[in-house]
Structure formats: C-alpha cells, structure tokens
Amino acid sequence: MTENDWIAVGTLDDLPDGEGHRVEIDDVTVLLVRSGDRVFAIGNRCTHQGAPLDRGRVQVGASLATVTCSAHGSMFDLEDGRVLRGPASKPEPAYEVRVTDRSVALRPRA
C-alpha cells in the first residue's frame, strides 16, 4: 500500500465520542467509533444478516472495544473485526486508521 491508499473520511470533531458513526467509501459502508483520540473502523453491515452496526451498542474498555448488533446480538471486536459472539460467524472487514492534525483517514488492512 502507498500513501495514496488513504481515504479521508472527516475529522475527530465529526465523530461523537463512544458512539457509532457510519461513512461511505466506494459504495461500502464503514463503521467508525471514536474513543478520545483513537478511532476504530470496521464494516458497518453485520455479517449475520446485514443489520447496520452503527445502531448497535458500543463498549470501549481498557483492553477491548466492541460493537453489538442490535438485531441479533452478534458482537464484533472493533480493533480487527473478529466475531466475539454469534450468531455471526464471519468477521467484519477491518481498516487501518490514521489521525493527522485531527483529520481521519482510512485504508483497508492488508
């Protein structure tokens, strides 16, 4: 990946702290979650039945950050998109996040 792979998606000020926020990147919906100056980014559609994760419950703790799908309770790790609790069995795509001068940019993880 190169410097040109980064896609600007807004600023830290655009993201409410501790809540899900969705953005569109090339016809893909991405869930952003801000915790202070840290931002997580994974796919926004639950891999179980496609419910929007930005409507789910977000929890950010010292060692784990998660989102729980409001439809059927699947829980995903916001760091890497892996399934922590089903019924979903496939992980969410995860994105690298870069914050520079409060500007947020993403790129798919390799």
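So, here's what we can say about the structure. (Residues numbered from 1 in each chain as written. Predicted model: local features only at pLDDT ≥ 70, side-chain atom pairs only at ≥ 80, totals over all residues. Heavy atoms only, no water.)

### Side note on the overall build of the protein
Consideration 1: Secondary structure assignment for the protein yields 0 helices and 10 strands.
Consideration 2: Reading the helices (α) and strands (β) of the protein from amino to carboxyl end gives β-β-β-β-β-β-β-β-β-β.
Consideration 3: For 110 residues, the compact-globule estimate of 2.2 N^0.38 gives 13 Å, and the C-alpha radius of gyration of the protein, at 13 Å, lies within 12% of that figure.
Consideration 4: Each of the three principal axes of the protein carries a C-alpha extent, and together these read 40 × 25 × 20 Å. (Helix = DSSP H or I, 4+ residues; strand = E, 2+ residues; numbered from the N terminus. Rg over C-alpha atoms; globule rule 2.2 N^0.38 Å.)

### Observations concerning the sheet that holds strand E1 (residues 7–11)
Consideration 1: Sheet architecture is open: 3 strands sit in the order E1-E10-E9, paired in antiparallel fashion. Either end of the sheet is taken by a strand with one partner, and the two such strands are E1 and strand E9 (95–100). Within the sheet, the average angular offset between the axes of one strand and its neighbour, ignoring direction, is 30 degrees. (Pairing = 2+ DSSP bridges. Axes fitted to C-alpha atoms, helices over the stretch in contact; angles between N-to-C directions.)

### A short note on unusual backbone geometry
Consideration 1: Of note, the phi angle at Asp-101 is positive, near 50 degrees, even though the residue is not glycine.
Consideration 2: You can see Asp-101 is positioned in the loop between E9 and strand E10 (103–108).
Consideration 3: Within the chain, Arg-102 stands out as a residue other than glycine whose phi angle is a positive 70 degrees.
Consideration 4: Here Arg-102 is to be found in the loop between E9 and E10.

### Overview of the side chain of Thr-29
Consideration 1: Note on placement: Thr-29 falls in strand E3 (residues 28–35).
Consideration 2: Apart from the residues within four sequence positions on either side, Thr-29 is in contact with Arg-22, Val-23, Glu-24, Gly-43 and Asn-44. (Contact = heavy atoms within 4.5 Å.)

### Overview of the nonpolar core
Consideration 1: Grouped together as the largest cluster of nonpolar side chains are 15 residues, with contacts concentrated most on Leu-31, Ile-42, Leu-53, Val-67, Phe-76 and Leu-78.
Consideration 2: Those elements that place two or more of their residues in this core are E3, strand E4 (38–43) and strand E6 (65–68).
Consideration 3: Discounting chain neighbours no more than four positions away, the residues touching Ile-42 are Val-30, Leu-31, Leu-53, Val-67, Phe-76, Asp-77, Leu-78, Gly-81, Glu-92, Pro-93, Ala-94 and Tyr-95.
Consideration 4: One finds Leu-15, Ile-25, Val-30 and Val-104 within the second-largest nonpolar core, a separate group that totals 11 residues. (Core = buried A, V, L, I, M, F, W, Y, C linked by side-chain atoms within 4.5 Å. Buried < 20%, exposed > 50% of the residue type's maximum accessible area, 1.4 Å probe, protein only.)

### Points about the state of the cysteines
Consideration 1: Tallied over the entire structure, the rule returns 0 disulfides.
Consideration 2: With no disulfide of its own, Cys-46 has Cys-69 as its nearest cysteine by sulfur position, at a separation of 3.9 Å. (Disulfide = S-S within 2.5 Å.)

### Side note on the sheet that holds E6
Consideration 1: Spatially, the 4 strands line up as an open sheet ordered E5-E6-E7-E8, and their pairing is antiparallel. In this open sheet, the two strands that pair with only one neighbour each are strand E5 (57–60) and strand E8 (83–85). Each strand of the sheet is rotated relative to its neighbour by a mean of 25 degrees, with strand direction disregarded.
Consideration 2: Where E6 meets strand E7 (residues 75–77), 3 bridges bridge the pair, whose relative direction is antiparallel. The residue bridging Thr-68 from the neighbouring strand is Met-75, located in E7.

Distances and angles like these do not, on their own, reveal function.
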